[in-house]
Every structure is written in structure tokens, then in C-alpha cells.
Amino acid sequence: MNMRGRRSDLINTTLPDELIADIIGRFDGDKQSCDACSLVCRRWLRIERATRRTIKIGASGDADASVSLLIRRFHGLRNVFIDERLPVSPARSTYPLRLSVVRRKRRANASLEIHYAVENSESEGSDFERLSLSDAGLTALAEGCAKLQKLSLIWCSDITSLGVKSIAENCGALRSLDLQGCFVEDQGLSAVGEFCKNLEDLNLRFCEGVTDRGLVDLARGCGKSLKAIGIAACARITDLSLEALGSSCKSLQTLSLDSEFIQNRGILSVADGCTSLKALKLQCINVTDEALQTVGSVCSSLELLALYSFQRFTDRSLLAIGNGCKKLRNLTLSDCYFLSDKSLEAVAAGCRQITHLEINGCHNIGTYGLECIGKSCPLLSELALLYCQRIGNSGLFEVSKGCTRLQALHLVDCLSIGDDAICSIALGCKDLKKLHIRRCYEIGDKGIIAVGENCKYLTDLSIRFCDRVGDDALVAVGKGCSLQYLNVSGCHQIGDVGLTAIARGCPGLIYLDVSVLQNIGDVALTEVGEGCPKLKDIVLSHCRLITDTGLAHLVKRCKHLETCHMVYCPYITAAGVATVVSSCAYIKKVLVEKWKVSQRTRRRAASVLSYLCIDL
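What counts, and where the lines are drawn
Residues numbered from 1 in each chain as written. Predicted model: local features only at pLDDT ≥ 70, side-chain atom pairs only at ≥ 80, totals over all residues. Heavy atoms only, no water. Helix = DSSP H or I, 4+ residues; strand = E, 2+ residues; numbered from the N terminus. Buried < 20%, exposed > 50% of the residue type's maximum accessible area, 1.4 Å probe, protein only. Contact = heavy atoms within 4.5 Å. Areas by Shrake-Rupley, 256 points an atom, 1.4 Å probe, with all protein chains shown as cover. Arc of directions from axis to C-beta. Patch = residues over 30% accessible without salt bridge, like charges linked within 9 Å, V, L, I, M, F, W, Y side chains within 5 Å. Salt bridge = Lys/Arg side-chain N within 4 Å of Asp/Glu carboxyl O. Axes fitted to C-alpha atoms, helices over the stretch in contact; angles between N-to-C directions. Parallel < 35°, antiparallel > 145°, perpendicular 65-115°, else oblique. Nonpolar A, V, L, I, M, F, W, Y, C, P; charged D, E, K, R; others polar. Phe/Tyr/Trp six-rings, centres within 6.5 Å; stacked < 30°, edge-to-face > 60°. Lys NZ or Arg CZ within 6 Å of the ring centre and 35° of its normal. Core = buried A, V, L, I, M, F, W, Y, C linked by side-chain atoms within 4.5 Å. Left-handed = near helix turned anticlockwise from the far one by under 90°. Pairing = 2+ DSSP bridges. Right-handed = clockwise from strand over helix to strand, strands pointing away.

Moving on: the overall build of the protein chain. When its secondary structure is counted, the protein chain shows 26 helices and 21 strands. A total of 616 residues make up the protein chain; the buried ones form 55% of that total. Across the protein chain, every contact between residues at least 6 apart in sequence was considered, and the portion connecting residues at least 24 apart equals 78%. With the model as given, the accessible surface of the protein chain reaches about 26300 Å², and the carbon-plus-sulfur share is 49%.

Following this line, the structure appears as C-alpha cells:
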């Protein structure tokens, strides 16, 4: 928008600040749109900063200084997300604020985006020390953002209870608090319970310093508002905490629990006290059928149930769930070794509203159980069968007949499922949008051709390490589908012909993985460059025929490319790497051998270079 001339005077003299703020607010926090508004003029920049509600920060060098700068610029923040899981790029971490000044000049003071997180496997400066967010920075955030509603502190290792206490005392409107990986102790949680009476969502995953005392205080303090809590790897949280949740948190709807120390007593307390429970995720090796039977008989509002690594559950648990939880929509069973087809039979009979089902490594569940789902659950929209070697074709036959709304199918290491099953899915589930298959060696061209001919809405196709899938399959998909995501890693029979068909038939492709394909060369890469201008991510690793020439043709048209993985490509040289870096204005990550990067390229683009393989 050009604000020069007579029209600019009319706009800025006529529209009050409040109306401009309302216009910006209608973008609903979309960063790109808000940034565009801030570029209009200094006035719009000031208003946009005042109305910015959400900010996300990665690892950022001097984190305290960065947070202080953000508070001064965006003083109306409501949602702050800080994630320090990714390391800092050494090339930029020592002077982030100077870089922000340069950006400000280049973008007319548009906005500040402090996100210098780079996945780099090797630090070039051994004396570099990352400066994590400390209690001082958190206190500054608390004092500067008194109306904060959502705060996420992911793996902020220097945060203690002192910083959390300052947040609690200053931000009474806080509704969501994520402390994953922070070493917060009981004093911090007690303060949150005392001052944050509107807290609804709390994440304590990997908070090793928390004990029963802190969680009990929190439950008693804000139990009336708390709706969701996640706990994992907190060794000093026992059944006492869950008893407090059950007695004080009557509105609790979501519980995610991963613990070796929780017994039946704790789960029974939550089930009896929190009858409005809608989502329950459990990985508790000491919990038995007794607890799940109570959940089935009491928690009639349950909509999501996920059970992980249970070796003491039997079919009795799922029989109770099937009898009592009629509203169940989402079920995940992972590594539950003693569950059999009877469990799925009970769920199919009682929970006919199931829309999402995942079976992972439950070796006693076979074809009959899936047949029951197909016959009784017509609303099923997503099905994942992972490491289910006892489930055969006829199970998917029934799904294709009874679950015509299926939109996503995931198959991993299902050695008894072949082309006939995929053909039946293609014919019966024509609304399929996502198909992911990995290491299913009985599936080949026949099945994928049927998908290409019948599933016109398919946008996401992943066929990994399926040796029988070749060019004919991709030709059919290219003619019949408009893919946005394609992964054919390890399908050795696929070559230039198949990839050319995709490039010509799927102009909207934004993600492509052709790694470990020995027959893919520059011809295919050139076709992708010509036919897929929206491509953002490409994985070329282990493609031994691709050269610098193919890369040059690719990046000539793919101007939106953001990531490029190309390790173990012997004919790609330093010149090819330089071409990618210099030609792609939006590039964020290039994964390559370190010895293929010239000094000049390293100086120009250190922040986007990642080295998986070093000195090969």
C-alpha cells in the first residue's frame, strides 16, 4: 500500500487510530498480514505494535535483552511462546540486537522477529555459550505484560520458581502455562495456584523439580478453573497429586500422564472426581484393568483415549470402555500387548462415533478386530495401522465398504496388506486425502495406480521403501491427483519418468522427498523446477545421479524454496551449494557435507547451513 500523495493524506487524516487498530485486529494475529500493515507508514507501525497480541521466540543469544526489547516494542502482548530447544547459530548469536537494527532499517521498522534458531550439528566456536532466558528476563516479561494470558517456556533451563512466582504475582489473568523442561520447584507452582485463579491449561512435562506439595497447592488454588494438565517424567509426583486433582478440579477435561510411579489409586481418584473428563492419555506401567474399568463406567463424556505401553491391561479394560464411553471418537492403542480382537470388537459395538483409530504394535490384534471396526464405525476418517503384522487384506476390505468417509490412511510394516487392499480402499473411500505407506512390501504399482485413478482429492502421498512401486504408479497419480506433499524415499524403481509425471500434473507441490532414489537425475529435477514453482522443501539426499546442473535448473524457477537436504550426493559440489544459497531468497536450511561449503558461502549464509555429515 503506497501512502504517498493526496490519498495518503485522506486516509491518515480521516481514519482514527481505533479504526486502524480494528482493521489490523481482523487479521486474527496472522504475522505476515500484520507485518505488511506495519510497513505502510510510521503511524501504522506504532498502531500495529500496540495491537500485536502474540509473539514467538526461538533461541536468541542474550535472551533477557531480547525479551526486554520485545516488551518495549509490543506492550499489548497476550500470548508469548519461548522455545529454547534449538541451538543458536554461532554466527548470529553474539550480536542479535545489532542485527535487529539492520532489519529495522531494511523493513522500515516493520517488526522484530528474533528467531535465530538453526539446527546445526557442529558448533564452529567452542568458546560460545548460549545465554538462556533467566528469572530476570521472566520478571521483566511479567512486569511489562500484566495482561498475559498464555505463556509457553519450552526447555528454558535457567528458569526457576523465582521467575514463575513473578509471573504468577503480576499476571493474574493467565489462562495457559507451559513449563515443559523447566526446573521449577514447588514454590513456583504454589504461587501459580495462589494468584492465577483463571488458569485452565498447565503443562508440567519433564519438570523434575516438582513434587506432590506443589501440585496439591496448585490444585487447591485454581482447581475450579483448571481444565487440562500434562505430567511426564516427574518422579516425585505420586497418587497424592492425582487425589488432589480429583477432589479439587471438578472441571478437568484433559489429563495426559506418563509416570512409573502412579498406581490405580490416582487414576481412580481422577475418574471418580472428574466426571467431565473428555481426553485421557496414559503411559503408566503400574496401572491395571481396575482403573480403566472405572473410567469406562464413570467417564461417559470421554471422547479421546490413548493408552501407551501397557503390559498389565487386558480386554476387560476395553470392554468397559465400549460399554460406557459411547461418545468416544479418538482411540490410540500403542504397545498394549495383551489386547486382542475382542477389544476392538467391544469398541466397535459400543463406540460407533469413532473417527480416529490408531493401532501401534499391538501384536495380538488381527484382521477380525479391524473387520469389526469397518462394519460398525461409519464415521471413521483416519486410520493408522503401525507394525500390525496380523492384520490382512480383508480388514481393509471391510473398512472400504463401511467407512466411506475415510480421509487418511497410515500403514507401517504391515506385511500382510497388499495391492488388493489398497485397491479396495481406492474404490470405496474416494474422499481419501492422505495416504502414508512405509515398508509394506506387498504393495506395488497396482494399488497406487488405483489410488491415482479414483482418489481425486488426494493431496498428501508418502510411499517409503516400498520396492514394488515404480514409475507407472506416479504417472497415474500425476494424472489423477493434485498433490501438495510427496515422499517416495527408498522406492528404487522410481526414476525420471515418474517424477516428470508428478511435476507436470501437480503444479501445487510444496514438499518433495526423493532421497535414496538411484535412478533420479537432472532431467527430473529440471522438470520439477519447471512444473512446481510453489515448492518449499526438497530432500535429495543419497541421489547419486543429481549434479550441480540439475540444482541450477531447480532453483531457477522454485523461488520459494526454504529447505534443501542434499547429503551423500557425490556430483553436487561447492558450486551447487552456492547456487542454492544465492538463488533462493527464502532459504532457511541447507543440509550438506561441511567440506562442500566454500568459505565465501559459509560467510554469506552460515545461519542456514547444517552439517549432518562431517569430513567425509
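So that's the structure; there's more coming.
Here we come to helix H25 (residues 574-583). Three or more residues of H25 are buried, namely Gly576, Val577, Val580 and Val581. Seen from one end, H25 has its buried residues packed into an arc of 135 degrees, which puts them on one side. Against the buried residues of H25 lie helix H24 (548-557), strand E19 (563-565), strand E20 (589-591), helix H26 (599-605) and strand E21 (609-610).

On to a nonpolar patch on the surface, then. On the surface, Leu19, Ile23 and Phe27 cluster together into a nonpolar patch covering about 220 Å² of accessible area. Relative to the helices and strands, Leu19 resides in helix H2 (residues 17-25). Exposure remark for Leu19: the relative accessible area of 37% places this residue in the partly exposed category.

A separate point is the packing of helix H15 (residues 315-324) against helix H16 (residues 341-350). Relative to each other, H15 and H16 sit at 5 degrees, their axes nearing to 8 Å. Between H15 and H16, the interaxial angle falls into the category roughly parallel. Where H15 abuts H16, its residues Asp315, Leu318, Leu319 and Gly322 lie against Lys342, Ser343, Ala346, Val347 and Gly350. Looking at the contact of H15 with H16 residue by residue, the classes come out as four nonpolar, three polar and two charged.

In this section: helix H12 (residues 239-248). Buried within H12 are the following residues: Asp239, Ser241, Leu242, Ala244, Leu245 and Gly246. Where H12 is buried, its residues contact helix H11 (212-222), strand E6 (228-232), strand E7 (254-258) and helix H13 (264-273).

So, about the packing of aromatic side chains. One pass over the structure, following the stated rule, counts two aromatic pairs. A cation sits over an aromatic face here: Lys56 above Phe81, 6.0 Å from the ring centre. We note Lys594 situated over the ring of Tyr611; from NZ or CZ to the ring centre the distance is 6.0 Å.

Right, let's get into unusual backbone geometry. Phi angles above zero are rare outside glycine, and Ser309 is one such case at about 55 degrees. Along the chain, the position of Ser309 falls in the loop between strand E9 (304-308) and H15. The backbone of Arg439 shows a phi angle near 50 degrees, a positive value even though the residue is not glycine. Mapping Arg439 onto the fold places it in the loop between strand E14 (434-438) and helix H20 (445-454).

Here we take up the environment of Arg52. Residue placement: Arg52 occurs in the loop between helix H4 (42-51) and strand E1 (54-57). Each C-alpha atom of the pair Arg52 and Arg78 lies 8.4 Å from the other, and the pair is 26 residues apart in sequence.

This part takes up the nonpolar core. Ranked by internal contacts, the top residues of the largest apolar core, which has 176 residues, are Leu385, Leu396, Leu411 and Met566. Formed by eight residues, the second largest nonpolar core is a distinct cluster that contains Ile20, Cys34, Val40 and Ile47.

On to the packing of H2 against H4, then. Where H2 contacts H4, the two axes come as close as 10 Å, and the packing angle between them is 60 degrees. Every pair of crossing elements has a handedness; the one defined by H2 and H4 is right-handed. On H4, the residues touching Asp17, Ile20, Ala21 and Ile24 of H2 are Arg43, Trp44, Arg46, Ile47, Glu48 and Thr51. Here the residues of the contact of H2 with H4 sort into five nonpolar, one polar and four charged.

Take Thr288: it is sitting in the loop between strand E8 (279-283) and helix H14 (289-298). If sequence neighbours within four positions are ignored, Thr288 has contacts with Asn264, Arg312 and Phe313.

On the secondary structure map, Lys556 appears in helix H24. Taking the relative accessible area as the measure of exposure, Lys556 reaches 59% and is therefore exposed. For Lys556 and Val580, which are 24 residues apart along the polypeptide, the C-alpha to C-alpha distance reads 9.3 Å.

This part is about the pattern of salt bridges. Two side chains bearing opposite charge may form a pair once their charged atoms approach each other closely. Scanning the entire structure with this criterion turns up 11 salt bridges. A salt bridge links Asp420 to Lys446, with the nearest nitrogen and oxygen atoms 3.2 Å apart. Of the two residues, Asp420 is situated in helix H19 (residues 419-428) and Lys446 in helix H20; the sequence distance between them amounts to 26 residues. For Lys446, a relative accessible area of 48% corresponds to the partly exposed category. Among the ionic pairs, Glu562 bridges to Lys588, the shortest N-O distance being 3.9 Å. Of this pair, Glu562 sits in the loop between H24 and E19 while Lys588 sits in the loop between H25 and E20, and the two are 26 residues apart along the sequence.

Sheet analysis places strand E4 (residues 176-178) next to strand E5 (residues 201-205), joined by three bridges and oriented parallel. Within the sheet, the bridge partner assigned to Ser176 lies in E5 and is Asp201. Summarising the sheet, E5 and E6 pair through five bridges and their orientation is parallel. The residue bridging Leu202 from the neighbouring strand is Ile229, located in E6. Running through H11, the crossover from E5 to the neighbouring parallel element E6 is right-handed.

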